[in-house]
Amino acid sequence: MNQIPIEHRFAQYIRIIGKGKTGRRSLTENEAQAAMSHILAGDIEQAQLGAFLMVLRVKEESAEEIAGFVMACRASINNGLPEDIILPDLDWPSYAGKKRQPPWFILTALLLAQSGYRVFMHGSAGHTANRLYTETVLTELGMKPADSWNDCQQQLVTRNFSYLPLEKFCPELQQIIDLRPLLGLRSPVHTLVRLLNPLNADTSLQSVFHPAYSDTHHQAAQLLGQKNAAVFKGEGGEVECRPYADIAVKRIYQHQTDHYSIKRTLSQAEEMPVRTKALTALWQETEPNQQGLETVLATTAVALHTMGIEENFQTAKEKARQLWDNRSSTIT
């Protein structure tokens, strides 16, 4: 008689979320943390990973699941952090890439850094064709991405800005992101990386491509105890305000939730080539661009307001204009 195989310990998590319309449920926060710990440890089969990711994608991940996934990832990441860690003022995830507009948000990050705020940016590159990713832009601007946490810390000290690729501090998550061309769909990892905040900054900015995910991000940030955060639908999924659209911002400030709206300042979007040189041209004012400038100022205002530098968006935008007018002539 053939011996009945013993069920793999990860199978329970697939069954919980995939057992039919009436039998399935979302994972609890603890279950999600345990499941992601197994994934990061590499003690599951590739078939199980694919099944788990795609069932979650169809079901749509809950805030509790995302929070549990993030906690497992943070526990793994913390093992590699320097002992005397330098905390940034602002955590800035950048994972979407741009394909319709230049990456104006990078100017906001550099403007804040020049103004004395430490900005830590993290992201990945190359998982979707025909997009311009932050890592490429920074390299073209002459700003080498960090290679390690120690390199990142040095950059935060010397220039108040550092970009560290995901593959350098959590390669397991990067490997899952790289599955997108194989699976044909985004996975929950594309959501959780935006909430990682690996250096535990007081303030984190998050952007969604689909507005329905805004509530999930907002609730997950609360579950994770994030002190300050802002979530909104950014251009192309990056943390970038769209001056040609009304924007709903969900905010956490001092652990309390609120929301506000930003009214459009332009009637419609102007299509522009997605090139790094557009950033240099705007910064040096060799090619003035109203849409680009409005984007930078509004995004800067959201950051300042979320950090609590200014008490409302309007005064934050006035402050953003002052920072812009007083910026250094060199972009880096």
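Quick caveat, the model's predicted, so the values are computed rather than measured.

Okay, the packing of aromatic side chains next. Taken as a whole and assessed by the stated rule, the structure comprises 8 aromatic pairs. Note on W92 and F105: the rings are 6.4 Å apart at their centroids and 25° apart in plane angle, and the pair reads as stacked. Here W92 is found in strand β1 (residues 90–94), whereas its partner F105 is found in helix α6 (residues 105–114), with 13 residues between them in sequence. Overall, W92 belongs to the buried group, its relative accessible area being 0%. Through a chain of ring-to-ring contacts, the aromatic side chains of F10, Y13, F52 and F69 assemble into a single cluster. Across from the ring centre of F209, 4.7 Å away, lies the NZ or CZ of K233, which sits over that ring. One residue, R327, lies across the ring of W324, its end atom 3.8 Å from the ring centre.

Time to look at the pairing of strand β6 (residues 247–253). Of the pairings in the sheet, the one linking strand β5 (residues 228–233) to β6 comprises 3 bridges and is antiparallel in character. Bridge pairing links A230 to R251 in β6. When β6 meets strand β7 (residues 256–262), the two strands line up antiparallel, connected through 7 bridges. Looking at β7, one finds that I252 is bridged to T257. Where β6 folds back onto β7 in an antiparallel hairpin, the turn is made up of 2 residues, including Q254, whose phi is positive at roughly 50°.

Glancing now at the pattern of salt bridges. Per the stated rule, a full pass over the model turns up 15 salt bridges. E294 is the partner of K317 in a salt bridge, and the nearest nitrogen-oxygen pair spans 3.0 Å. With K317 in helix α16 (residues 313–325) and E294 in helix α15 (residues 290–307), the pair connects residues that are 23 residues apart, well separated along the chain. Using a relative accessible area of 16% as the deciding quantity, one classes K317 as buried.

Moving on: helix α4 (residues 46–59). Residues lying three or four places apart along an α-helix face the same way, a consequence of the helix completing one turn every 3.6 residues. Look at α4: 20 Å from first C-alpha to last across 14 residues, which is about the 20 Å you get at 1.5 Å a residue. On the buried face of α4, the contacting elements are α1 (11–18), α3 (29–41), α5 (63–78), α10 (171–177) and α11 (180–183). Count one or two residues on from α4 and you reach E60, which has phi positive near 80°.

Let us look at the side chain of E235. Looking at the secondary structure, you find E235 in the loop between β5 and β6. Residue class for E235 comes out buried when judged on its relative accessible area of 4%. For E235, the side chain forms a polar contact with the side chain of K98, separated by 3.2 Å. Apart from residues lying up to four places away in sequence, E235 is in contact with K98, R100, Q101, E240, R242 and Y244.

Taken as a whole, helix α8 (residues 149–159) has its buried residues at W149, C152, Q153, Q155 and L156. In a view along the axis of α8, the buried residues occupy a sector of 160°, so they form one face of it. In α8, the exposed positions angled more than 90 degrees off the buried face are occupied by N150 and T158. Along its buried surface, α8 packs onto α5, β2 (119–123), β3 (161–165) and α9 (166–169). Positive backbone phi, at 65°, marks N160, one or two positions downstream of α8.

Taken in spatial order, the 7 strands make up an open sheet running β3-β2-β1-β4-β5-β6-β7, and their pairing is mixed. If you trace the sheet from one side to the other, it starts and ends with β3 and β7, each paired once. Taken pair by pair, the neighbouring strands of this sheet meet at an average axis angle of 20°, ignoring direction. As judged from the 5 bridges shared by β2 and β3, these two strands associate in the parallel manner. Opposite F120, over in β3, you have S162 as the bridge partner. Against the sheet, α6 touches β1, β2 and β3, its axis set at about 160° to β1. Helix α13 (residues 213–223) rests against β4 (203–208), β5, β6 and β7 of the sheet, and its axis sits at about 5° to β6.

Two numbers describe how α15 lies on α16: the axes approach to 8 Å, and their chain directions differ by 120°. Relative to α16, the element α15 is oriented oblique. Crossing angle aside, the handedness with which α15 passes α16 is right-handed. Across the interface between the two elements, L293, E294, V296, L297, A298, T300, A301, V302, L304 and H305 from α15 touch F313, A316, K317, K319, A320, R321, L323 and W324 from α16. Split into classes, the residues belonging to the contact of α15 with α16 amount to 12 nonpolar, 2 polar and 4 charged.

Here is what the cut-offs are and how they apply
- Residues numbered from 1 in each chain as written.
- Predicted model: local features only at pLDDT ≥ 70, side-chain atom pairs only at ≥ 80, totals over all residues.
- Heavy atoms only, no water.
- Phe/Tyr/Trp six-rings, centres within 6.5 Å; stacked < 30°, edge-to-face > 60°.
- Helix = DSSP H or I, 4+ residues; strand = E, 2+ residues; numbered from the N terminus.
- Buried < 20%, exposed > 50% of the residue type's maximum accessible area, 1.4 Å probe, protein only.
- Lys NZ or Arg CZ within 6 Å of the ring centre and 35° of its normal.
- Pairing = 2+ DSSP bridges.
- Salt bridge = Lys/Arg side-chain N within 4 Å of Asp/Glu carboxyl O.
- Expected span 1.5 Å × (residues − 1).
- Contact = heavy atoms within 4.5 Å.
- Polar contact = N/O pair within 3.5 Å; in protein donor to acceptor, adjacent residues only side chain to side chain.
- Arc of directions from axis to C-beta.
- Axes fitted to C-alpha atoms, helices over the stretch in contact; angles between N-to-C directions.
- Parallel < 35°, antiparallel > 145°, perpendicular 65-115°, else oblique.
- Left-handed = near helix turned anticlockwise from the far one by under 90°.
- Nonpolar A, V, L, I, M, F, W, Y, C, P; charged D, E, K, R; others polar.

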